[in-house]
Amino acid sequence: MQYKNGFSVQGHEGVGSSENVRGRGPRLQRSEGQAEGGKCAGVEGGRPAPNDAVNLERRVGLLSGVALIVGTMIGSGIFVSPKGLLERTGSVGLSLVVWAACGGLSLLGALAYAELGTLVEASGGEYAYYMQGFASGERKRTWWGPIPAFLFGWVSIFLLKPSSLAIICLTCSEYLVRIFSVGSVGCLPPSLAIKLVAAFVIILITFINSYSVNLATRVQNVFTAAKLVAILIIVVGGMVKLGQGNTQYLATGFHGSTKSFGDIATAFYSGLWAYDGWNNLNYVTEELKKPYTNLPRAIIIGLPLVTICYLLVNISYLAVMSQDELLASETVAVTFGNRVLGWAAFLMPLAVTLSTFGAANGTAFTSGRLCFVAAREGHMVDVLSYVHARKLTPSPALLFNASIALIMVIPSDIGSLIDFFSFTAWIFYGGAMAALIIMRYTMKDAPRPYKVPIVIPILVLIISVYLVVGPIIDSPQIEYLYASLFIVAGLIFYFPFVYMKKSVPGMGHLTTILQLILQVVPTDVMPDA
């Protein structure tokens, strides 16, 4: 097929094309008379990729990397999770211990991911590590080798990533609507208004990320700064109250602490949701400048910063509100602002809105890369592995992620979404630790610019097993069964479309139509460092 900008497009076989399964996406060839002088046809003004192919470019530096980690971690979680975590732990003291433990666990996991990201220098996070870790030899695949990666992509692309974006945008919308009702007692914003604003936020963020990588990273940097200001407002206000002697709520300590292992595990779900995002930089490794140094540095800077912020914010909340008052508040930060900031209380929901918008932007940025990489491997339809001919953004993958997130906005049950997300996510985080342990033996001689003690991935693996099994044994819920069944259901699509390389009738024509409408082109293989 001849693309209108001069490309000759090959490999439109739909899901499971043999070239994609070998890890090489469809390639571009120049037509006669096109792209002379080393420029890539169809990429007007863009820098040439290796061999005149279109690829994602390395545009994310250390500052943007730290902003991506901090910006996606500090989002809606710290403004939503304190209630659920405190309710499940039963005491102020145990809740603070769990908050600190969640930060420590996230840091350990992130350090292990730093080794994975510098060992397997490919975007896609866990997906790329599963493809390498559970394959034999130098990418010599067994029939079962790609299954863990496919199942991770299946669940993440259709559930985890869109649900994360939906949760954050719903929270952003709720706080934005509450800006116009600060100080109103018993006045809840209309559910329909919250959903409509959330849908608008998803669409706006998708446009930003599809339009320009540089614009998306600038937005991330600005909104990360804004959310740190919001954290600073809460911390300073709380410290002032503590200085005035308001320590009675913190003095309750561990009174009323739960003794249920299941409750503690689900409390970790709430806390780890607030910390989620610690692995997001691994999803854009191919676009990270100097990944061997910048990936570990961004993690070492970002994780401790977020942990300190979270502990100080929770202490500040408890300097103003009692345990019962915090549990009764649906928007903790707004309640805090009304009691501490006086006439400037409107700044609190505004700051939280900016915070969650930045988190949603970072989530969309990384989610699109996962979908892009999975499609490049042949585990999704080919068009999702294409990039815009001029902007060099994975716009089809971004649009697909946004479409599913818009559907998930409809029920808007944030609490159940968080539990489902955490239960499923930690299955795959544990799988990434298993992949790292396996690669210590299958890739002994591979260069490792950054290496963690083997005890770290082993410990995180053990904890992930506890987080998954604990709630099932102590307090089984039908949602856990649904999540497990959905994971297994991915095999129904894997065997015909990936393993047997079957294609959906008419997919080639649909791919061509979408390519022309979206002005996207196939990419070459992964770029060099």
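Source: prediction; values computed, not measured.

Some thoughts on the overall build of the protein
- Helix and strand counts for the protein stand at 18 helices and 4 strands.
- A burial count over the protein gives 60% of its 529 residues as buried.
- Total accessible area on the protein stands at roughly 20,400 Å², and carbon and sulfur atoms take up 66% of it.

Describing the confidence of the model for the protein
- Confidence in the prediction for the protein averages 79 pLDDT; 81% of positions are at 70 or higher.
- Considering only residues more than four positions removed or in separate chains, one finds that residues 525–529, a stretch of pLDDT under 50, has 12 contacts.

Concerning the nonpolar core
- Tyr-310, Tyr-317 and Trp-426 are the most contacted members of the largest nonpolar core, which has 145 residues in total.
- Residue contributions to this core peak at 19 residues, all from helix α6 (residues 147–178).
- In contact with Tyr-310, other than residues within four places in its own chain, are Met-73, Ile-74, Gly-75, Ile-78, Trp-99, Ala-274 and Tyr-275.

A look at the packing of aromatic side chains
- Applying the stated rule across the entire model yields 22 aromatic pairs.
- Taking the centre distance of 6.4 Å and the plane angle of 20° together, the rings of Phe-493 and Phe-497 count as stacked. Placement of both Phe-493 and Phe-497 in helix α17 (residues 478–499) is noted, with a separation of 4 residues, approximately one turn of the helix.
- Residue classification places Phe-493 among the partly exposed residues on the basis of a relative accessible area of 37%.

Some details on the pattern of salt bridges
- Counted by the stated rule, this structure contains 5 salt bridges.
- Notably, a salt bridge pairs Arg-448 with Glu-115, separated by 3.2 Å at the nearest N-O pair. You can see Arg-448 sitting in the loop between α15 (414–442) and α16 (455–474) and its partner Glu-115 sitting in helix α4 (residues 92–119), a full 333 residues away along the chain. Both residues of the pair, Arg-448 and Glu-115, belong to the buried class.
- A salt bridge links Glu-287 to Arg-369; the shortest N-O distance between them is 2.7 Å. Note that Glu-287 is positioned in the loop between α9 (261–275) and α10 (291–320) and Arg-369 in helix α13 (residues 347–376), a separation of 82 residues in sequence. Each of the two residues, Glu-287 as well as Arg-369, counts as buried.
- Salt bridges linked by common partners bring Glu-115, Arg-440 and Arg-448 together as one network.

Considering unusual backbone geometry
- Positioned with a positive phi, Lys-501 is a non-glycine residue whose angle comes to about 60°.
- Along the polypeptide, Lys-501 turns up in the loop between α17 and α18 (507–518).

Regarding the environment of Arg-59
- Along the polypeptide, Arg-59 turns up in the loop between β2 (28–30) and α2 (62–73).
- Since its relative accessible area comes to 18%, Arg-59 is described here as buried.
- If we skip the residues at most four places from it in the chain, Arg-59 touches Val-213, Asn-214, Glu-287, Lys-289, Lys-391 and Leu-392.

Focus: the environment of Gln-132
- Its location among the elements puts Gln-132 in helix α5 (residues 126–133).
- Overall, the relative accessible area of 13% leaves Gln-132 in the buried class.
- Considering only alpha carbons, one finds Gln-132 and Met-439, 307 residues apart in sequence, at a separation of 8.1 Å.

Calculation notes
- Residues numbered from 1 in each chain as written.
- Predicted model: local features only at pLDDT ≥ 70, side-chain atom pairs only at ≥ 80, totals over all residues.
- Heavy atoms only, no water.
- Helix = DSSP H or I, 4+ residues; strand = E, 2+ residues; numbered from the N terminus.
- Buried < 20%, exposed > 50% of the residue type's maximum accessible area, 1.4 Å probe, protein only.
- Areas by Shrake-Rupley, 256 points an atom, 1.4 Å probe, with all protein chains shown as cover.
- pLDDT = per-residue confidence, 0-100.
- Contact = heavy atoms within 4.5 Å.
- Core = buried A, V, L, I, M, F, W, Y, C linked by side-chain atoms within 4.5 Å.
- Phe/Tyr/Trp six-rings, centres within 6.5 Å; stacked < 30°, edge-to-face > 60°.
- Salt bridge = Lys/Arg side-chain N within 4 Å of Asp/Glu carboxyl O.

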